[in-house]
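# Descriptive analysis of the structure
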Amino acid sequence: MDQTEPTKMTEKNNHYTLITGASSGIGLQMAHECAKWGQNLIMVALPNSGLRQAAEEIKLKYSVHVIYYCIDLAENEGPERLYQYTTDHLLKVNILINNVGTGYSGMLGTTEIHDLKNIMYLNNFVMVTLTRLFINQLKDYGQGAYILNVGSLASFIPIPGKSVYSASKAFVLNFSIAMREELKTSGVSVSCLCPGPVITSIELLQRFKDAGNKGNWILQSPEEVARIAIRKLLKGKKVIHPSLKIYIISVLSGLLPDGFVSRIAGWVFRRIAEKAKKIQISQEQVATSKSNLPENSFRKISNLN
Ligand SMILES: NC(=O)c1ccc[n+]([C@@H]2O[C@H](COP(=O)([O-])OP(=O)(O)OC[C@H]3O[C@@H](n4cnc5c(N)ncnc54)[C@H](OP(=O)(O)O)[C@@H]3O)[C@@H](O)[C@H]2O)c1
């Protein structure tokens, strides 16, 4: 089954936090955090992504309503179908978390147009469309309604070799700040989460190891990022940096000449990519290293965000 058949709800408990990309990584951990705060959940991810199991675990652990809905949001009218599902079942959303996102590594000239389209669609168009679809509901709720868009440290840094990804994340930040102003008098608070590298997969951990552990000081677990994100979201923070280090890097990136910042970022990512290419991760290595990663953090990731 790809979706929950929701039970009838009363007027009082029919508000939900909707999280896209909630089957793994940061999205899954934000679902746990929101449930801890007593929020009912609508968890959204791809079909066959383990979403049902994740939703059932959360339901058992916290006494909140948990609905899951499997959909490929990159498909035509994906966001519209999700919205239709919520209205068909009279589910009202008071917190919208636009977490789903994807990325790539590679020079523009060698990247497939289909992949570029997918990044811009998932990272930007899906976020904008869902915000548009749920905005009136959020405004009706007023005080206590929130939107959290997931950007990245890359929102502040134009990265050669990840140009479309970093530009798409700059879009997320820009859009969030503008929406925050637009919704200022409505009671709806808009925040943008800007994480640095988060260990959500074995591949990401391996890339950092390949880079000679130089980047380890900046890594965070999805649990830590989610905990800080939800706490700061509920406090109404505009831009959420999940650590002091990430904050300092983002501030420095704004102060230093952009050409210089971009060159350094390109150099760092090139080094990581070159080293990662040299090493094949064997299945045994994946299996043994899994036990060293944070719980629930082993799903695939296609990029170093
Ligand atoms: N990880 C990082 O280092 C990092 C750093 C900065 C920013 N971010 C941003 O944080 C957000 C979450 O990243 P993450 O690393 O936690 O991601 P992740 O572990 O790869 O999880 C992505 C989630 O989105 C779902 N998903 C992917 N494509 C989808 C689609 N077309 N339709 C519906 N659901 C889809 C995935 O389902 P499946 O499980 O089936 O794939 C999964 O639930 C993204 O916006 C990312 O850009 C990540």
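Residues numbered from 1 in each chain as written. Predicted model: local features only at pLDDT ≥ 70, side-chain atom pairs only at ≥ 80, totals over all residues. Heavy atoms only, no water.

### Some words on empty space enclosed by the protein
Summed over the entire model, instances satisfying the criterion amount to one cavity of 30 Å³ or more. Approximately 50 Å³ is the volume found for the largest cavity. Forming the walls of the largest cavity are Thr20, Asn98, Asn99, Val100, Leu122, Asn123, Met127, Val150, Lys169 and Val172. Elements supplying a minimum of two residues to the lining of the largest cavity: helix 4 (113-141) and helix 5 (163-182). Grouping the constituent residues of the lining of the largest cavity by class yields five nonpolar, four polar and one charged. (1 Å grid on protein atoms, 1.4 Å probe; cavity = no way out; pocket = protein on both sides within 12 Å on 5 of 7 lines; lining within 4 Å. Points joined across faces, edges and corners; volume = space filled by probe spheres on them. Helix = DSSP H or I, 4+ residues; strand = E, 2+ residues; numbered from the N terminus. Nonpolar A, V, L, I, M, F, W, Y, C, P; charged D, E, K, R; others polar.)

### Quick look at the site of the ligand
Surveying the vicinity of the ligand reveals 32 residues, the closest of which are Ser23, Ile26, Asp72, Asn99 and Val198. At 2.8 Å, a backbone N or O of isoleucine 26 approaches an oxygen atom of the ligand. One nitrogen or oxygen atom from the side chain of aspartate 72 is found 2.7 Å from a nitrogen atom belonging to the ligand. Across the complex, the protein chains shield 95% of the 900 Å² of accessible surface that the ligand would expose by itself. Taken together, the elements giving at least two residues each to the shell around the ligand come down to helix 1 (25-36) and helix 5. Here the residues of the shell around the ligand sort into 16 nonpolar, 12 polar and four charged. (Near = heavy atom within 4 Å. Polar contact = N/O pair within 3.5 Å; in protein donor to acceptor, adjacent residues only side chain to side chain. Areas by Shrake-Rupley, 256 points an atom, 1.4 Å probe, with all protein chains shown as cover.)

### Digging into unusual backbone geometry
Even without glycine at this site, glutamate 77 takes up a positive phi of about 65°. We classify glutamate 77 as partly exposed; its relative accessible area is 46%. Here the phi dihedral of leucine 90 falls at roughly 55°; this positive angle occurs in a residue that is not glycine. Tracing the sequence through the fold places leucine 90 in the loop between helix 3 (78-88) and strand 4 (92-98). (Buried < 20%, exposed > 50% of the residue type's maximum accessible area, 1.4 Å probe, protein only.)

### Description of the side chain of serine 243
Structurally, the position occupied by serine 243 is in the loop between strand 7 (239-240) and helix 8 (244-255). Among the polar contacts made by the side chain of serine 243, one reaches the main-chain amide nitrogen of isoleucine 246 at a distance of 3.2 Å.

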